Amino acid sequence: MAGVPFRSALALRTRNDMSPMPRSRREVLVPAQALAALRRGLRVEAGPLAAAHALHAAGYAAGDSIFDMLSDSAGRPLTELSARRFWNYVSELLSRRGWGSLEHRDVPPALGLMASSDWAEAEATTEETQPSCHFTMGLLANLLGRVAGGAVSVLEVRCRACGDAECCFAFGSEAAIHALYGRLLDGQPFEEAAGAL
Ligand SMILES: [Zn+2]
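What counts, and where the lines are drawn
- Residues numbered from 1 in each chain as written.
- Predicted model: local features only at pLDDT ≥ 70, side-chain atom pairs only at ≥ 80, totals over all residues.
- Helix = DSSP H or I, 4+ residues; strand = E, 2+ residues; numbered from the N terminus.
- Buried ≥ 20, exposed ≤ 12 C-beta atoms within 10 Å, placed from the backbone.
- Contact = placed C-beta atoms within 7 Å.
- Core = buried A, V, L, I, M, F, W, Y, C linked by C-beta atoms within 7 Å.

Trainee: Just give me the short version of the overall build of the protein, but keep the residues and values in it.
Mentor: Each helix and strand in the protein was counted, giving seven helices and four strands. Going from N to C terminus, the protein has its helices and strands arranged as α-α-α-α-β-β-α-β-β-α-α. Among the 197 residues that make up the protein, the fraction classed as buried is 29%. In the protein, once contacts between residues fewer than 6 apart in sequence are set aside, the share between residues at least 24 apart is 55%.

Here you go:
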């Protein structure tokens, strides 16, 4: 940039920032415990609700790249895959990237569930008082919504970060997840609440 007046350089940067950001498949490896440290740091600096929203938004943005990577590995539109093959692709791709094993389960009549006994976002902590894998909830909401062609809501109903054996992500329509959330707040066990939807 030698010889370029500061004002011109600034104008150039502003123009670049305004252009659409290309979607990137570039990845970096970060120790899993950094996710818990990031959550703690955001909570201290911004408060619990803002921390949850920020992590959810970051996960949601990452869902775009994961969707593209899955499409690449499938070699055809994800919507053309059988449900079984789709879940296998999701599980395999995320596992290979260090997120952990992820198992899909149907929860009739209105929900699906993805469960993991070693999910990375809950690594190195059991100090939380409620499910805290916000990044993953955002990622799955975007990914599943894009495949479904409409909004999909995701709610983590069990989490290793608060001492549960598994992280369990329930997903379904906004109305179903909202109703589930209300029942869980009322103290109903998950299986009972999900079955009553
Ligand atoms: Zn979790």
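Trainee: With reference to specific residues and values, describe the nonpolar core.
Mentor: Of all hydrophobic cores here, the largest spans 41 residues; its most connected members are C133, L140, V154, F169, A170, F171 and L180. Considering every element that reaches this core, the biggest residue donor is helix α5 (residues 134–148), with seven residues. Apart from residues lying up to four places away in sequence, F169 is in contact with L113, M114, T136, M137, L140, V154 and E156.

Trainee: Report on the environment of R43, specifying residues and quantitative values.
Mentor: Looking at the element boundaries, R43 is found in helix α2 (residues 33–46). When the C-alpha atoms of R43 and A54 are compared, they prove to be 10.0 Å apart, with eleven residues separating the residues in sequence. With sequence-adjacent residues up to four places away left out, R43 is seen in contact with P48 and A51.

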